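What follows is each chain in one-letter form.
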Amino acid sequence: MRSSYGTSTPGTDGSEPRIPVSVHAWDPISREGVLGQLRQHPVIDLREETETGPDTIALLVNDTLDEATLSRLRRLVRSEGARAVLVVSAIRESELLDAIDSGAGAIVWRHEATAHRLVQAVLAASRGDGDLPADLLGRLISQVRSLHRTATGHPGAPPSGLAPREVDVLRLVAEGLDTGEIASKLSYSERTVKNVMHGLTTRLHLRNRAHAVAHALREGYI
């Protein structure tokens, strides 16, 4: 799912906003590798691991989503207000919703973690967008629908709470469309799409678009 805040510091030439990024890896070789990939990109402003806050993207790197990684993810997002990108080699289906609910707005497979892919995920997270590999998005949709059927005994009619316009936007987010594509598809302005997403994530206390899609799937809206 690629979909599209936060403030960032201006670039050295005043023309390009820079995004503060702190890298959290469970081994020094992985950390240095990621730092090396990001260091030369003009939009990235690398910070120390201790320099996290509401304007920072926390990029967490590990082979699996173990309890220590999940605990750090929750702390960085909930206590320090960072936005999170998770880079893992594998993630079990039972862990996927935990990662999204804990605040991972973007997930990147380690074998796909090129400099371009990492920057793409950081940019998405900085805008409050979701960015999941296509196979993970399919697993997320299947898992949440299964949980919904188990909880209700049948698909049922969606409960009230989301306006039809919000459902339309979320359905297209779940299909992988970005803000411009959603606006074109629904004949809205991009500002309208952003306002719709901001309104529902604020009202429902959702962290990002990936979390919003998970919520909509869980509740049976899409």
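These lines cover the structure that appears in this document, whether it is placed above or below. (Residues numbered from 1 in each chain as written. Predicted model: local features only at pLDDT ≥ 70, side-chain atom pairs only at ≥ 80, totals over all residues. Heavy atoms only, no water.)

1. Here we look at the pairing of strand β6 (residues 104–109)
So, point 1. Burial analysis of β6 places six of its six residues in the buried class, the great majority of the element.
So, point 2. Strand direction decides the pairing type here: strand β5 (residues 83–88) and β6, joined by five bridges, are parallel. Across the sheet, Val88 pairs through a bridge with Trp109, a residue of β6.
So, point 3. A crossover connection joins β5 to the parallel β6 through helix α3 (residues 93–101); in handedness this β-α-β unit is right-handed. (Buried < 20%, exposed > 50% of the residue type's maximum accessible area, 1.4 Å probe, protein only. Helix = DSSP H or I, 4+ residues; strand = E, 2+ residues; numbered from the N terminus. Pairing = 2+ DSSP bridges. Right-handed = clockwise from strand over helix to strand, strands pointing away.)

2. A closer look at the packing of helix α6 (residues 164–174) against helix α8 (residues 190–203)
So, point 1. Across the interface, α6 lies against α8 with an axial gap of 10 Å and an inter-helix angle of 100°. The angle between α6 and α8 falls in the class roughly perpendicular. Taken together, the residues of α8 that come into contact with α6 (itself represented by Arg165, Glu166, Val169, Leu170 and Val173) are Thr192, Val193, Val196, Met197, Leu200 and Arg203.
So, point 2. Counted by class, the contact of α6 with α8 contains seven nonpolar, one polar and three charged residues. (Axes fitted to C-alpha atoms, helices over the stretch in contact; angles between N-to-C directions. Parallel < 35°, antiparallel > 145°, perpendicular 65-115°, else oblique. Contact = heavy atoms within 4.5 Å. Nonpolar A, V, L, I, M, F, W, Y, C, P; charged D, E, K, R; others polar.)

3. Quick notes on the packing of aromatic side chains
So, point 1. The tally for this structure, following the rule as stated, stands at zero aromatic pairs.
So, point 2. The lysine or arginine in question, Arg72, covers the ring of Trp26, its NZ or CZ lying 4.5 Å from the ring centre.
So, point 3. Here the basic side chain of Arg165 rests over the ring of Tyr188, its NZ or CZ set 6.0 Å away from the ring centre. (Phe/Tyr/Trp six-rings, centres within 6.5 Å; stacked < 30°, edge-to-face > 60°. Lys NZ or Arg CZ within 6 Å of the ring centre and 35° of its normal.)

4. Observations regarding unusual backbone geometry
So, point 1. The phi dihedral of Ser187 is positive, around 60°, even though this residue is not glycine.
So, point 2. The residue His205 is not glycine, and still its phi comes out positive at about 60°.
So, point 3. Mapped onto the elements of the fold, His205 is located in the loop between α8 and α9 (209–218).
So, point 4. Judged by its relative accessible area of 69%, His205 falls in the exposed class.

5. Notes on the side chain of Asn62
So, point 1. If you trace the backbone, Asn62 turns up in the loop between β4 (57–61) and α2 (67–79).
So, point 2. Asn62 gets classed as buried once you look at its relative accessible area, which sits at 12%.
So, point 3. At 3.3 Å, the side chain of Asn62 forms a polar contact with the side chain of Asp66.
So, point 4. In this view, Asn62 contacts Trp26, Thr69, Val87, Val88, Ser89 and Arg110; residues no more than four positions away in its chain are not counted. (Polar contact = N/O pair within 3.5 Å; in protein donor to acceptor, adjacent residues only side chain to side chain.)

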